[in-house]
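If you want the building blocks of each chain, they are given just below.
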Amino acid sequence: MALQPSGTTPVDCRATTESGFVTLSFNDYLLAATLVVASATDLAWARVPNWLSLPAAVTAVCLHARDAGWAGAAFGLEGWFVGLLAFLGFYAAGGMGAGDVKLMAAVGAFVGPSRALGIALWAALAGGVYAVGLLLYLGARRGVPDWSLATVRREIRLLVLGGAPAGAAESLRTAPKIRYAVAVAAGAIAERALGGWG
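Now for a quick tour of the structure.

About the thresholds
- Residue indices follow the written sequence of each chain, beginning from 1 at its first position.
- Selection of residues for local features in this predicted model requires a pLDDT of at least 70, selection of side-chain atom pairs for listing and counting requires 80 or more, and totals for whole chains, interfaces and linings are taken over all residues.
- As a convention, hydrogens and water are excluded, and side-chain values are obtained from all of the structure's heavy atoms.
- Within this document, salt bridges are pairs made up of a side-chain nitrogen of Lys or Arg and a carboxyl oxygen of Asp or Glu, the two lying within 4 Å of each other.
- Numbered from the N terminus, helices here are DSSP runs of H or I no shorter than four residues, and strands are runs of E no shorter than two.
- Here's how the labels work: a residue is buried when its accessible area is under 20% of the maximum for its type, exposed when over 50%, partly exposed in between, all with a 1.4 Å probe on protein chains only.
- Here the aromatic set is Phe, Tyr and Trp, taking the six-membered ring for Trp, and pairing holds for ring centres within 6.5 Å; pairs whose planes are under 30 degrees apart are stacked, those over 60 apart are edge-to-face, and all others are tilted.

Observations concerning the pattern of salt bridges
As a working rule, side chains carrying opposite charge can pair if their charged atoms are close by. In the structure shown here, the tally under the stated rule is three salt bridges. A salt bridge links Arg 192 to Asp 28; its shortest N-O distance comes to 3.5 Å. In this pair, Arg 192 sits in helix 7 (residues 180-194) while Asp 28 sits in helix 1 (residues 26-45), placing the two residues 164 residues apart along the sequence. Look at Arg 192 and you get buried, because its relative accessible area is 16%. Taking the relative accessible area as the measure of exposure, Asp 28 reaches 15% and is therefore buried. As a salt-bridge pair, Glu 191 and Arg 115 come within 2.8 Å of each other at their nearest N and O atoms. A residue pair is termed long-range when its members are at least 10 positions apart, and Glu 191 in helix 7 and Arg 115 in helix 4 (residues 113-142) qualify at 76 residues. Exposure class is identical for Glu 191 and Arg 115. Each is buried.

Details of the environment of Gly 139
Along the chain, Gly 139 turns up in helix 4. Along the primary structure Gly 139 and Thr 151 are separated by 12 residues, whereas in three dimensions their C-alpha atoms are 9.7 Å apart.

Some remarks on the packing of aromatic side chains
Scanning all chains against the criterion turns up one aromatic pair. Look at Phe 87 and Phe 90: their rings are 5.9 Å apart centre to centre, the planes differ by 70°, and that puts the pair in the edge-to-face class. Of this pair, Phe 87 and Phe 90 both sit in helix 2 (residues 50-92), separated by three residues, roughly a single helical turn. Phe 90 gets classed as partly exposed once you look at its relative accessible area, which sits at 42%.

Okay, structure coming up:
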């Protein structure tokens with residue numbers, strides 16, 4: 001969300017031109033580039049690197065400060081904090097890596113606190129759809145004979161928490177895991193296109 005240069009009032013960044021096209025700011029392009037690189041590295045190497053998330057967050061806060069002074073810096077820092085808190089519980093439970101949490105914090109620094117929360121909610125929904133799709137794919141690939149509650153719980157634990165029982169086959173331990181950077185990117189796209197939850 002961009003700030004007006006002379007004040008602290010946020011402006012809706014989903015403004016449209018007379019022809020109906022959504023306008024994008026420089027911050028939007030930087031955020032998109034950050035999410036593309038994060039998704040690519042997460043898919044390729046199963047990690048979101050610190051060299052991406054930290055500089056992105058600092059850049060976002062500096063751009064907001066350039067646009068609106070200390071109020072802009074505060075706006076970016078509040079967004080960073082909300083983005084961090086949005087996924088911290090999942091990280092504490094072992095459901096995602098620290099890189100995913102830092103990526104969401106960087107996204108929050110770009111968009112501010114209210115949009116960060118909306119993106120986190122959309123990302124959680126996208127992650128759930130992704131998890132169900134991956135669950136069905138892996139179950140079909142392994143020939144899971146039944147979809148009882150116990151089987152579904154075990155499969156979700158393997159997908160989300162990434163832990164396989166000690167006696168599990170090697171294929172279970174090396175099965176694909178959810179790439180949350182992709183879910184965060186999908187959440188940002190959904191929030192931009194469809195709006196927040198409030």
